[in-house]
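The lines below spell out each chain.
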Amino acid sequence: QVQLVESGGDLVQPGGSLRLSCAASGIMFRVNTMGWYRQAPGKGRELVASITSGGTTNYEASVKGRFTISRANAKNTVYLQMNSLKPEDTAVYYCNARHDIFASEYWGQGTQVTVSS
């Protein structure tokens, strides 16, 4: 059974930091591209950041320089370090895993990030 379990979401003031974690089980983590998506109220789900099995990263323009995605293959975990948070970063953040060859895809249940004073 595949599980992606996110954690680390919280209420934080503007300018603050959070680190999200996503622990994966039931997949061959090393051959999956891992991504973080977010969905704000009334908006569609958008890609925030991704990291390939080879370590290549990609970021949505508005988070470049503020967010950092990383992965720990030994722990089957992907992280999203979020700094200089803004109110517009408020959303439910979802972890995604996509197999590099078979393109099978899985989602976590989401974790709420709220940036507000």
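Higher on the page you've got the structure.
These numbers were taken from a predicted model, which means no experiment stands behind them.

Each helix and strand in the protein was counted, giving zero helices and 11 strands. Starting at the N terminus and ending at the C terminus, the protein contains elements arranged as β-β-β-β-β-β-β-β-β-β-β. On C-alpha atoms alone, the protein measures out to a radius of gyration of 13 Å, which is about the 13 Å that the 2.2 N^0.38 rule sets for 117 residues. If one aligns the C-alpha atoms of the protein with their principal axes, the spans along those axes are about 40 × 25 × 25 Å. For the protein, the residues scored as buried account for 41% of the 117 residues in total. Restricting the contact set of the protein to residue pairs at least 6 apart, pairs at least 24 apart contribute 54%. When the accessible surface of the protein is split by element, carbon and sulfur atoms take 48% of a total near 6,100 Å². The centroid of the 11 positive side-chain charges in the protein is displaced by 5 Å from the centroid of its 8 negative side-chain charges.

What counts, and where the lines are drawn
Residues numbered from 1 in each chain as written. Predicted model: local features only at pLDDT ≥ 70, side-chain atom pairs only at ≥ 80, totals over all residues. Heavy atoms only, no water. Helix = DSSP H or I, 4+ residues; strand = E, 2+ residues; numbered from the N terminus. Rg over C-alpha atoms; globule rule 2.2 N^0.38 Å. Buried < 20%, exposed > 50% of the residue type's maximum accessible area, 1.4 Å probe, protein only. Contact = heavy atoms within 4.5 Å. Areas by Shrake-Rupley, 256 points an atom, 1.4 Å probe, with all protein chains shown as cover. Lys, Arg positive; Asp, Glu negative; His and termini not counted. Charge placed at Lys NZ, Arg CZ, Asp CG, Glu CD.

Any functional reading would require information that these geometric values do not contain.
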